[in-house]
Amino acid sequence: MTPIKIENPVIEVEDLRFYYGDSRAIHGVDIAFPEKQVTALIGPSGCGKSTLLRCFNRMNDLIDISRVEGKVLLDGQDIYDKNTDIIELRRQVGMVFQKSNPFPKSIYENVIYGLRIAGEKDKSFFDERVETSLKGAALWDEVKDRLHDSALGLSGGQMQRLCIARAIAVNPKVILMDEPCSALDPKSTARVEELIGELRENFTIIIVTHNMQQAARVSDNTAFLFEGNLIEYGLTEQLFVKPQNKQTEDYITGRFG
Amino acid sequence: MKPVYLKKVKRNDRLASWAISIGGLAIIFCVIFILVLIVEVSLPLFMSPTARQIARVESGFVSSNVQVLAVGMDDYLETAYTIDAGGTIRFINLADGRELEQIRLRPAEADKRLLAVENFGRLNHVLHWDDGSLSVEQVKFSPFYDAADNNRRSIRHTLESRGEFPAVPQQVEQSLARVNDEGRQTRVDLFADGRLEVQQREVTENFLGEEEVTESSEILELNGAGQLSALVLNDSGTQLYAGTATGELLHWSLEESGEANLVDHLQAFADQRRITALSMVFGDVSLAVGDERGQVSTWFGVRGDSSGKRTLTRIHQLTGHAAPVDKLSHSLRDKTVLSRSGDGLHLDYMTSERFLLGFNPPGGISRYALTARGDGLVALGENGDLLSWRLFIPHPEISLKTLFGKVWYEGYDQPEYVWQSSAASDDYEPKLSLTPLIFGSLKGTFYAMLFAVPLAIFGAIYTSQFARPKLRGMIKPAIEIMAAVPTVIIGFLAALWLAPLIESSLGSVFLSLVLLPAALMLCILLWQAARKLEPLKQVERGYEFLAVIPIIIGAVALASTLGPGLEQWLFAGDLKQWLFSELGTRYDPRNCIIIAFAMGFAVIPIIFTIAEDSLSNVPNSLKAASLALGASRWQTVWRVILPSASPGIFAGTMIGFGRAVGETMIVLMATGNTAIMDLSIFNGMRPLSANIAVEIPEAPVDGSLYRVLFLSAVILFILTFIVNTVAEIVRQRLRAKYGRF
Ligand SMILES: Nc1ncnc2c1ncn2[C@@H]1O[C@H](COP(=O)(O)OP(=O)(O)OP(=O)(O)O)[C@@H](O)[C@H]1O
Ligand SMILES: [Mg+2]
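Remember, predicted model here, so these are calculated numbers, not experimental data. (Residues numbered from 1 in each chain as written. Chains lettered and ligands numbered in written order. Predicted model: local features only at pLDDT ≥ 70, side-chain atom pairs only at ≥ 80, totals over all residues. Heavy atoms only, no water.)

Chemist: How should I be thinking about the overall build of chain A in this particular structure?
Modeler: The helix and strand tally for chain A stands at ten helices and ten strands. In summary, chain A has a C-alpha radius of gyration of 18 Å against a globular reference of 18 Å for 257 residues, a match within 12%. Taking the principal axes of the C-alpha coordinates as reference, chain A spans close to 55 × 45 × 35 Å. Taking the average place of the 31 positive charges on the side chains of chain A and the average place of its 38 negative ones, the gap between the two points comes to 3 Å. (Helix = DSSP H or I, 4+ residues; strand = E, 2+ residues; numbered from the N terminus. Rg over C-alpha atoms; globule rule 2.2 N^0.38 Å. Lys, Arg positive; Asp, Glu negative; His and termini not counted. Charge placed at Lys NZ, Arg CZ, Asp CG, Glu CD.)

Right, dumping it as structure tokens:
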């Protein structure tokens, strides 16, 4: 395994083990994510990519039988510490889901949801944030005339971009994306990929994907997971061109998975 | 797929869709059929009355030079009679016009002539002879089967003399006489010189068994009233009313022999119109007044102020005539008033102010009489023809106004909404206002929903969003079992256990209404502080409620120990007494507090189940999206889950509402069923549903009450229909708004 040199790690994971009841899904992973870069998590189905991703904003807490051991440090602070405020954590680590899930509200209300629940009330601030977030998610031009229409009237690709806009509206440090393009057509996928490239200017992005080309196109670093273990982690160009590990090579050349 | 198999699948599919449509249509058909059935029973309430002429006996049977003064008919509409000025009564078979018999009323004095005949009661005639003497004759009819003639049925008539009044020397304008069953005779004479004299004769038995006769005679005080133009005496001869040519009404009480008392004298019509006819209305409480302008109004004494004195007040205005009213009379069965003018004969129902029937045969009506049962009318036309009609007046006392509006019933001091379908006395008029019942239904439902909706919805939110799955798996079936408890058991417990319990510890109940929320709030605050402590973190999520249970028990226990003391201290030991004297609300032991608890018990499972289902059916992805954006659990529930589940919650609430409106057994047992219109939570009520259950066994089939009960069923049906339709529309709207996932 090639240890890559990481300056300014935003998230550092130390010996993370994750259990669903008695079965262990993550077997001691150590990994760190550099600031304002895109890191892709790849691996065969069921290897624990989503599980690992959800550990970073503690979405796994919703699963009753789950248990975590080890440390996840956000800016040096362990997020599994008893004193961590989960709400504050989730405001710093946003998430975009595989299946777009806009609220049954207007486009406008969807974007400002995160601000509203934080107690924000200023209308002009809302207007400004809606515009910047939608522009940031490359959706502004398509919806600027129908901000107060229901978000459920958007196309699948637009909905996914709306979810991204919603996530960036609260200005998080990190954005987690779990297969954000798996339900989209190639055109929408290209749009979202382009968007990820733009977002990397301001955010640290961790993206799970099954699409090798996509990982190669959008990410700076790539981590390969297999059966709950981190097999290989390195710069994307290196990992795809010259994988150090046999399993990695098998996987990216499509011999299994 | 093999073609054979495909065919089979398709066939099954078709069969299933047929079966489903047939089932659905059958249900719709059944519901409509039931509705049609109940509407059909209630519809005759609004049928207009009809009259069918059944006989016409051509003129020529009465010699034209003898004037007919009165007519009458038996209850079977078979035999009529006429009394003419010559003092003869003739009985006529209406079927063939044959004269059955002729009787001279005073055979010994052949030259005596009759001046006038006045009718009262059941075929009683006061005969006013030309020498000033009066005699009271009653005609009686009974069916008779002639054994000699093949058991042929005929009507036998008899005449019975009920009293004689001797001649008076002076010229008399008008005389009235009554003989009542207690042997009291009353005679009133209006003399040509304007004097009004009353003579009373009473025969009583003293304690030795001897007959004692008291006689009195007095001239009545007219109190400066104008010329008397109409007089009427009630059937028992104790109340005398007079109208004047200048629109005044006078009322004397003749209750005490020889001590007539002018109890009322008023200017009834400001425009001084002539009062042309007076009559009592059946029951002898209301007075019908006809005037020269053709108007007919009814009056009775109303307590206007606190003195308790009743003054005659105009209550109802009946349909007017185009000509002056010259004769008024009344039915012996209900509050129907008959009025005659040059314009014809009208039948009006007093209380409902409904115009029932009008008769204006060519040639007019000179004499007329309604049968005792009120279903036949006999009249003598000016041309001497004897006409008779059979009347069909199904429900004269019912109109939309009496069903839904305020009605001024006899004996009431103002118009009111009253439901009182029966009473001890025979001449009692049923009061069938549906308004207090509709009010009762809505009131009971309102309090039940006030109690049930928050509990059910918050319970559903808790179980679906906050409770651990294991707990949820226990709570949900337990609450659903609540729905299976027969309502008769809930009603029984509410009436026999809860009602006395709450009544005896009213102070504690109110105290716990304050203490419980206070204790809960305190508990939550404490918990917020305590959750930072290490050992509590282990119990935290999903089991917080365990800490609440002892607090609730403690608060209730505290309330029940402090309650009596508090009652003693603040309300002099009796909260109920205090409510009555200070707030003016009566405390019924069976009241809306009990109803709220008991009906809530029946409604909560329905609302809870439907609300819980729709809350748990909100996609997890939405919940996750909200939480991932940093929302707390409560924010997620409030801003995402509740709006998304709102169609279901709303539907559950409305179904619960429909259930509460129609709920019968609980309200029947636990409300006291008094049809009052009072919003107070301390009173009971009588809802439509319980009313039907209470009254239908006593209601004579096809009577007014019976049909009104069916009408109330229709209203209940419509009420539920409206609630369900509104619910469905709102649900669709909410669905369209929050639906597509
Ligand atoms: N809620 C859960 N309860 C129990 N086991 C779970 C749960 N979610 C995931 N697992 C198990 O944990 C393991 C890792 O699952 P995870 O969803 O992280 O895989 P993944 O790499 O995201 O796969 P995919 O690419 O198919 O999404 C799998 O074996 C899965 O069966
Ligand atoms: Mg996954």
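Chemist: How do you make sense of the overall build of chain B when you look at a structure like this?
Modeler: Looking only at helices and strands, one finds 15 helices and 30 strands in chain B. Taken against the 2.2 N^0.38 rule, which gives 27 Å for 741 residues, the C-alpha radius of gyration of chain B at 37 Å runs more than 25% over that of a compact globule. Here the C-alpha coordinates of chain B stretch approximately 120 × 85 × 55 Å along the principal axes. Looking at chain B residue by residue over its 741 residues, the buried ones come to 49%. (Buried < 20%, exposed > 50% of the residue type's maximum accessible area, 1.4 Å probe, protein only.)

Chemist: Honestly, the packing of helix 5 (residues 487–504) of chain B against helix 10 (residues 592–616) of chain B in this entry has me stumped. Any pointers?
Modeler: For any two helices packed against each other, the geometry is given by the interaxial angle and the distance between the axes. All names here are of chain B. It is the contact of helix 5 with helix 10, at a shortest axis distance of 10 Å, that shows an interaxial angle of 150°. As far as their axial angle goes, helix 10 and helix 5 are roughly antiparallel. Between helix 5 and helix 10 lies a crossing of right-handed hand. Together, Thr487, Ile490, Ala494, Leu498, Ala499 and Ile502 of helix 5 and Ile593, Ile594, Phe597, Ala598, Phe601 and Ala602 of helix 10 make up the contact between the two elements. Here the contact of helix 5 with helix 10 is built from residues that sort into eleven nonpolar, one polar and no charged. (Axes fitted to C-alpha atoms, helices over the stretch in contact; angles between N-to-C directions. Parallel < 35°, antiparallel > 145°, perpendicular 65-115°, else oblique. Left-handed = near helix turned anticlockwise from the far one by under 90°. Contact = heavy atoms within 4.5 Å. Nonpolar A, V, L, I, M, F, W, Y, C, P; charged D, E, K, R; others polar.)

Chemist: Explanation requested: the site of ligand 1 in the structure shown.
Modeler: Residues and elements named next belong to chain A. What surrounds ligand 1 is the set Tyr20, Ala25, Ser45, Gly46, Cys47, Gly48, Lys49, Ser50, Thr51, Ile63, Glu179 and His210. For ligand 1, an oxygen atom lies 3.3 Å from a polar atom in the backbone of Cys47. The side chain of Glu179 places a nitrogen or oxygen atom 3.4 Å from an oxygen atom of ligand 1. Protein contacts shield 61% of the accessible area of ligand 1, which totals 630 Å² for the unbound molecule. Among the elements that line the shell around ligand 1, the one with the most residues is helix 1 (residues 49–55), at three residues. Of the residues assigned to the shell around ligand 1, the class counts are four nonpolar, six polar and two charged. (Near = heavy atom within 4 Å. Polar contact = N/O pair within 3.5 Å; in protein donor to acceptor, adjacent residues only side chain to side chain. Areas by Shrake-Rupley, 256 points an atom, 1.4 Å probe, with all protein chains shown as cover.)

Chemist: Would you mind showing me how to read the sheet that holds strand 7 (residues 174–178) of chain A here?
Modeler: Residue and element names in this part refer to chain A. One open sheet holds the six strands; their spatial order is 6-7-8-3-9-10, and the pairing between them is mixed. Two strands bound the open sheet, and with one partner strand each, they are strand 6 (93–96) and strand 10 (229–235). Looking at each pair of strands side by side, their axes are set apart by 20° on average, direction ignored. Two strands pair when backbone bridges link them, and strand 3 (residues 38–42) and strand 8 (residues 204–208) are joined in this way by four bridges, in the parallel orientation. Bridge assignment links Thr39 to a residue of strand 8, and that residue is Ile206. The sheet strands contacting helix 7 (residues 186–199) are strand 3, strand 7 and strand 8, and the helix crosses strand 8 at an angle near 150°. (Pairing = 2+ DSSP bridges.)

Chemist: I keep staring at the nonpolar core and nothing clicks. Help me out?
Modeler: Within soluble globular proteins, side chains that are nonpolar tend to cluster in buried spots. Core analysis: the biggest nonpolar cluster contains 59 residues, and Ile502(B) and Leu615(B) have the highest contact counts within it. In terms of residue count, the dominant contributor to this core is helix 10 of chain B (14 residues). Not counting the four nearest positions on each side in its chain, Leu615(B) is found in contact with Ala460(B), Ile461(B), Ser464(B), Gln465(B), Ile641(B), Leu642(B), Ala645(B) and Ile649(B). Ala40(A), Ala169(A), Met177(A) and Ala215(A) belong to the second largest nonpolar core, which has 49 residues in total. (Core = buried A, V, L, I, M, F, W, Y, C linked by side-chain atoms within 4.5 Å.)

Chemist: Can you walk me through a nonpolar patch on the surface in this structure?
Modeler: Taken together, the side chains of Val488(B), Ile489(B), Phe492(B), Leu493(B), Leu496(B), Trp497(B) and Leu501(B) present a nonpolar region at the surface, about 680 Å² in accessible area. Along the polypeptide, Leu493(B) turns up in helix 5. (Patch = residues over 30% accessible without salt bridge, like charges linked within 9 Å, V, L, I, M, F, W, Y side chains within 5 Å. Salt bridge = Lys/Arg side-chain N within 4 Å of Asp/Glu carboxyl O.)

Chemist: Explain the interface of chain A and chain B to me, please; I cannot follow it from the model alone.
Modeler: How large an interface is tends to be reported as the accessible area lost when its parts come together. Counting from both sides, the interface comprises 26 residues of chain A and, opposite them, 26 residues of chain B. Across the interface of chain A and chain B, roughly 2,200 Å² is buried in total on both sides, 59% from carbon and sulfur atoms. Of all residues in chain A, Pro104(A), Ile117(A) and Leu152(A) bury the most surface against chain B, accounting for 25% of the area lost on that side. For the interface between chain A and chain B, the tally reads zero salt bridges. Where chain A touches chain B, the interface holds four residue pairs in polar contact (both at pLDDT 80 or more). Looking at the side of chain A that touches chain B, the elements with two or more residues in it are helix 2 (86–92), strand 6, helix 3 (107–117) and helix 6 (156–169) of chain A. Of the residues forming the side of chain A that touches chain B, the biggest block, four residues, is contributed by helix 3 of chain A. Across the side of chain A that touches chain B, the residue classes tally to 13 nonpolar, five polar and eight charged. (Buried area = accessible area lost by both parts, 1.4 Å probe.)

Chemist: Would you explain the pattern of salt bridges in this entry?
Modeler: Oppositely charged side chains can form a pair if their charged atoms are brought close together. Taken as a whole and assessed by the stated rule, the structure comprises 41 salt bridges over all chains. Across the salt bridge formed by Glu69(A) and Arg67(A), the nearest N and O atoms sit 3.0 Å from each other. Several salt bridges converge on common partners, so that one network encompasses Arg472(B), Lys476(B), Glu480(B), Glu612(B) and Asp613(B).

Chemist: Help me understand the sheet that holds strand 5 (residues 99–104) of chain B, please; the structure alone is not making it clear to me.
Modeler: In a beta sheet, neighbouring strands pair by backbone hydrogen bonds and run either parallel or antiparallel. Residues and elements named next belong to chain B. With antiparallel pairing, four strands are arranged side by side in an open sheet as 2-3-4-5. Both outer strands of the open sheet, strand 2 (68–73) and strand 5, are each paired with one neighbouring strand and no more. Strand-to-strand twist in this sheet, taken as the mean axis angle between neighbours without regard to direction, amounts to 15°. Judged from the five bridges that link them, strand 3 (residues 79–84) and strand 4 (residues 88–93) form a sheet pairing that is antiparallel.

Chemist: For this particular structure, what's the right way to read the domain arrangement of chain B?
Modeler: Under the domain assignment, chain B is made up of domain 1 (51–396) and domain 2 (435–738). Of note, the centres of domain 1 of chain B and domain 2 of chain B, computed from C-alpha atoms alone, are 61 Å apart. (Domains from an automatic or database assignment.)

Chemist: Could you clarify how one ought to interpret helix 6 of chain A in this entry?
Modeler: Given 3.6 residues per turn, any residue in an α-helix points the same way as the ones three and four places further on. Residue and element names in this part refer to chain A. The end-to-end C-alpha distance of helix 6 is 20 Å, a good match for the 20 Å that 14 residues give at a rise of 1.5 Å each. For helix 6, the tally of buried residues reaches 13 of 14 residues, placing the bulk of the element in the interior. A positive phi of about 55° marks Asn171, the residue just after helix 6. (Expected span 1.5 Å × (residues − 1).)

Chemist: Could you clarify how one ought to interpret a positive patch on the surface in this entry?
Modeler: Residues and elements named next belong to chain B. Together, Lys8, Lys10, Arg11 and Arg14 make up a positively charged patch on the protein surface. Note that Arg11 resides in helix 1 (residues 3–42). Judged by its relative accessible area of 44%, Arg11 is partly exposed.

Chemist: Would you mind showing me how to read the packing of aromatic side chains here?
Modeler: How two aromatic rings sit relative to each other is given by the distance of their centres and the angle of their planes. Counted under the stated rule, the structure contains 19 aromatic pairs over all chains. Centre to centre, the rings of Trp634(B) and Trp638(B) are 6.1 Å apart; their planes meet at 20°, and the pair counts as stacked. Of this pair, Trp634(B) and Trp638(B) are both found in helix 12 (residues 633–662), four residues apart, which corresponds to roughly one turn of the helix. Since its relative accessible area comes to 42%, Trp634(B) is described here as partly exposed. Of the residues examined, Trp638(B) reaches a relative accessible area of 53% and is grouped as exposed. Members of the aromatic cluster, joined through ring pairs, are Phe33(A), Phe56(A) and Tyr233(A). The side chain of Arg166(A) reaches across the aromatic face of Phe103(A), ending 4.5 Å from its centre. Note that Lys327(B) overlies the ring of Tyr368(B), its terminal NZ or CZ placed 5.3 Å from the centroid. (Phe/Tyr/Trp six-rings, centres within 6.5 Å; stacked < 30°, edge-to-face > 60°. Lys NZ or Arg CZ within 6 Å of the ring centre and 35° of its normal.)

Chemist: Any chance you could explain unusual backbone geometry here in plain terms?
Modeler: The phi angle of most residues is negative, glycine excepted, and most peptide bonds adopt the trans form. Residues and elements named next belong to chain A. With a phi close to 45°, Asp15 is a non-glycine residue in the positive phi region. Along the chain, the position of Asp15 falls in strand 1 (residues 9–20). Not every positive phi belongs to a glycine, and Lys36 is a case in point at roughly 50°. In this structure, Lys36 sits in the loop between strand 2 (23–34) and strand 3. Residue classification places Lys36 among the partly exposed positions, given a relative accessible area of 40%.

Chemist: Is there a simple way to explain the side chain of Asn110(A) in this structure?
Modeler: Residues and elements named next belong to chain A. Mapped onto the elements, Asn110 comes out in helix 3. One polar contact links the side chain of Asn110 to the main-chain amide nitrogen of Phe103, over a distance of 2.8 Å. Excluding residues that lie within four positions of it along the chain, Asn110 makes contacts with Pro102, Phe103, Lys105, Ala151, Leu162 and Arg166.

Chemist: Please clarify how the environment of Glu218(B) should be interpreted in this entry.
Modeler: Residues and elements named next belong to chain B. Mapping Glu218 onto the fold places it in strand 13 (residues 211–219). Using a relative accessible area of 19% as the deciding quantity, one classes Glu218 as buried. Placed 255 residues apart in sequence, Glu218 and Gly473 show a C-alpha to C-alpha distance of 92 Å. Discounting chain neighbours no more than four positions away, the residues touching Glu218 are Leu196, Glu197, Val198, Gly258, Glu259 and Ala260.

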